[in-house]
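Architecture at a glance
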Number of protein chains: 2
Amino acid sequence: MHEARPRRFLRHPAQLVVLGFAGAVAVGTLLLLLPVSRTGTAGADLVTALFTATSAVCVTGLAVVDTGTYWSGFGQAVVLALIQVGGFGIMTLASLLGLLVWRRMGLRSRITAMAETRALGLGDVRSVVLGVARVSLLVEAVVAVPLGLRFWWAYDYSPGRAAYLGVFHSVSAFNNAGFALWSDSLTRYVTDPWICLPIAAAVILGGLGFPVVLELRRQLRRPRRWSLHTKITVSATLVLLVAGTVFVTANEWRNPATLGALDAGPGRVLAGFFQAVMPRTAGFNSLDYAQMHEGTLLGTVVLMFIGGGSAGTAGGIKVTTFVLLWFVIWAEVRGEQDVEAFGRRIDDRATRQALTVALLSVGVVTAATVALVEMTRLPTHQVLFEAVSAFATVGLSTGITADVGTHGHLVLTLLMFVGRLGPVTLVSALALRERRRAYSHPEERPIIG
Amino acid sequence: MHEARPRRFLRHPAQLVVLGFAGAVAVGTLLLLLPVSRTGTAGADLVTALFTATSAVCVTGLAVVDTGTYWSGFGQAVVLALIQVGGFGIMTLASLLGLLVWRRMGLRSRITAMAETRALGLGDVRSVVLGVARVSLLVEAVVAVPLGLRFWWAYDYSPGRAAYLGVFHSVSAFNNAGFALWSDSLTRYVTDPWICLPIAAAVILGGLGFPVVLELRRQLRRPRRWSLHTKITVSATLVLLVAGTVFVTANEWRNPATLGALDAGPGRVLAGFFQAVMPRTAGFNSLDYAQMHEGTLLGTVVLMFIGGGSAGTAGGIKVTTFVLLWFVIWAEVRGEQDVEAFGRRIDDRATRQALTVALLSVGVVTAATVALVEMTRLPTHQVLFEAVSAFATVGLSTGITADVGTHGHLVLTLLMFVGRLGPVTLVSALALRERRRAYSHPEERPIIG
Ligand SMILES: [K+]
Ligand SMILES: [K+]
């Protein structure tokens, strides 16, 4: 292993990632503090600017002010740029870190498509960056077309405006940013499959994570040759989508303020499906979460907490982590020494890592929820929903985001930052130390966090 | 290792424990269904009898009906007998199972006081049973004396009645059953240290678990020679008591319906301390939980979830499990291969077991909370409090126990049973398979679950 070159470029990945994101948030905050960013004459206050910049960089989508009226055209452009930087940065950095981890695990052959040199040098970095950009642009373009046509033909937007709407929401969806150009998100299109389905498709693809998308592009028809990581991510995503759709649809079917207000069965199922896709972790909504049953909100909390695929713009503990937990628990209950999944033995380190990520996340969310309830005296279920939404960078809300006060906003800001970077930095910190071990087992490990 | 004899008595500990407890619940339910058990002429309905029997056997203390008025004298005697059977059974079985696990781990020398033969035969069983009975009676007698004197001198009870009250609450406290002879629990004694402190002491001692109590009795003055399990349990108990007291006291200090109603500072601190002791997991209360801030309830949920010491009548995931989680997370964040605590390396199996117990518990509580909110449409924070109280066999309630409906009662019954036996049976199932491994490391493992 030629270790000299990679370490020159990525000597301390964990610190680099944290510094990079903190820097983007700082620059964004400063730009949003400029009077030119705000409508009217006064500038934005510090906490609002910090919250908005963090929400954009972490592609969360929570907002304490109405993006369309509070920020000027310049301010909105800053927000959009931060989303782009954040989403692209996460995909690229996570992929590079995944590459580092995988290579150290002797699994380099699984991702040969990305790089041909043995060490992670400039060539690798460039190929990852280009790969991410190419896949992103491709998906975004493919999704933007039906959206734009639909906005043009069915909703009487001018061709130019329709194209802009199509591109904007396609980009926002693939990056799991969840920012929409209407103040009530996509509520007005709740029963329109030509809007909802392309957006859901972009969200799901983006949420799979870059390594999975890349592998699917290379060998979609040969699932037997997929890596363990891809197998777990794809199958768990399918299960969660079906289960989530059934749960939301059945639960809200007769709620007159949500699904009950829709006429037809297919429309209700479409809305149920949409609200099952978005917690993982895009943050668009076509139903009003403030009107849902508490049970639906709690189920959505679980979906948000699980999140999407690793090394993408999705948040949460990630589906691979979640699935590994089940295999670990299964092995533990049966008293088995080794954890096995899809015919592969899972490295002990990976299982411990998955368990740690999950428990740390439970701990962080619990502590934040208790703190926010203490500060705001708002109902527990709304606070829990908000905290998990921030931690998993989802962006859904029951409408209390603006009401939690300055300290509450700082807690949510911290949650977004920690939730976005925590697991990634953990993995990268581990990746660095992994080198000290000699790996002799024929093992395979999915990405965790 | 002479394995022949123990296997005759404990061939399948997991099944034995489950069957034993299910049998006790079944017998108790049948007895409570007899018309003689109920006041008036009609008998109790099935779910009420099942819930009450389960609550008593699992020393939980949740009640769907008022024990003092719904049940006849005979019925109350049945409940008390079930508590005794349950508490004693848990202590004894857990200690026996702990003995099995420890011995297989080569740690027999740590508990030589309990048994002298190398195999776990009749002699061992007898010595454990006698040890549990002796320690229980000793603590209960020592605690009953000040309680009885106080009831006699300060509250004008007759000597006989005062003695009965002293013994009853001492037994209920040491077994962490939390049943009181007043319908508002110990609310009337909220500022009386002569009532609250002896009961708190009995609860804390009983909650440490039998192995710890035994070891403390043998070498209280030589903490350096304590086993890892005792070190962890004692130090974590102290930390949780101090942190819980500060949290409850500070949080409720100005709440006019709880601490704010009390005159003096010391009285408020006493009440805060009492409410910090009882979630782990006795279930007495001297303040009204229905009047507390949601933040205090959430903090109490965390305390209840953590619970008390292993191999005792306390519930929850147990403090050793909780502490191990911190050491695991610490090792993981630092990227270290081995988990170390108090100068000892923790067996990989133990860490995975701790993580599994914690995560399974989070999963069970989450699922039950979502289900109960779905069924009852009651507020999330009250349902979560109730679910954790049942799962950790605490018995505290915000007052919704009777209002969750028949299906809700069945869910709570299941939670109590699973929460009481789940971790124990897991450990015992593992204990059986542990034999297949050859242990060569100089490791030590605390009891988990
Ligand atoms: K989002
Ligand atoms: K109890």
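The structure presented is a predicted model; accordingly, all values stated were derived computationally and were not measured. (Residues numbered from 1 in each chain as written. Chains lettered and ligands numbered in written order. Predicted model: local features only at pLDDT ≥ 70, side-chain atom pairs only at ≥ 80, totals over all residues. Heavy atoms only, no water.)

**Digging into the coordination of the potassium ion (ligand 2)**
All names here are of chain B. Around the potassium ion (ligand 2), the protein supplies V59 (O), T60 (O), N176 (O), T281 (O), A282 (O), T393 (O) and V394 (O) as donor atoms, at distances of 2.7 to 2.9 Å. The buried category is assigned to V59, whose relative accessible area is 0%. Classification of T393 as buried rests on a relative accessible area of 0%. (Donors = N, O, S within 2.8 Å, 3.2 Å for Na, K, Ca; no water. Buried < 20%, exposed > 50% of the residue type's maximum accessible area, 1.4 Å probe, protein only.)

**Describing the relation of the copies chain B and chain A**
For the match of chain B to chain A, the screw axis carries a shift of 0.0 Å, the RMSD comes to 0.0 Å, and the turn is 180 degrees. Each copy turns onto its partner about a two-fold axis. The fraction of interface residues of chain B whose copies in chain A are also interface residues reaches 100%, indicating that both copies meet through the same surface. (Least-squares fit on C-alpha atoms with pLDDT ≥ 70 in both. Contact = heavy atoms within 4.5 Å.)

**Focus: the packing of helix 8 (residues 193-208) of chain B against helix 11 (residues 265-277) of chain B**
Residues and elements named next belong to chain B. Close contact between helix 8 and helix 11 brings their axes to 10 Å; oriented N to C, the two are set at 25 degrees. Considered as vectors, helix 8 and helix 11 are oriented roughly parallel to each other. For the crossing formed where helix 8 meets helix 11, the hand is left-handed. Across the interface between the two elements, P193, C196, L197, I199, A200, V203 and I204 of helix 8 pack against L270, F273, F274 and V277 of helix 11. When its residues are assigned to classes, the contact of helix 8 with helix 11 shows eleven nonpolar, no polar and no charged. (Axes fitted to C-alpha atoms, helices over the stretch in contact; angles between N-to-C directions. Helix = DSSP H or I, 4+ residues; strand = E, 2+ residues; numbered from the N terminus. Parallel < 35°, antiparallel > 145°, perpendicular 65-115°, else oblique. Left-handed = near helix turned anticlockwise from the far one by under 90°. Nonpolar A, V, L, I, M, F, W, Y, C, P; charged D, E, K, R; others polar.)

**Things to note about the interface of chain B and chain A**
How large an interface is tends to be reported as the accessible area lost when its parts come together. Counting residues at the interface gives 43 residues for chain B and 44 residues for chain A. Both sides of the chain B and chain A interface together cover about 3,700 Å² of buried area, and 60% of this is carbon and sulfur. On inspection of chain B and its partner chain A, the count reaches zero salt bridges. Counting residues per element, the ones that place at least two in the side of chain B that touches chain A are helix 10 (228-252), helix 12 (294-306), helix 13 (319-333), helix 14 (348-376), helix 15 (380-391) and helix 16 (405-434) of chain B. With 14 residues, helix 14 of chain B is the largest single contributor of residues to the side of chain B that touches chain A. Its residues assigned to classes, the side of chain B that touches chain A comprises 20 nonpolar, 13 polar and ten charged. (Buried area = accessible area lost by both parts, 1.4 Å probe. Salt bridge = Lys/Arg side-chain N within 4 Å of Asp/Glu carboxyl O.)

**Topic: unusual backbone geometry**
Of the consecutive residues R280 of chain A and T281 of chain A, the connecting peptide bond is found in the cis state with omega at -20 degrees. Of note, T281 of chain A is situated in the loop between helix 11 (265-277) and helix 12 (294-306). Phi is positive for S185 of chain B, which is not a glycine, with a value near 55 degrees. Structurally, S185 of chain B can be placed in the loop between helix 7 (159-174) and helix 8.

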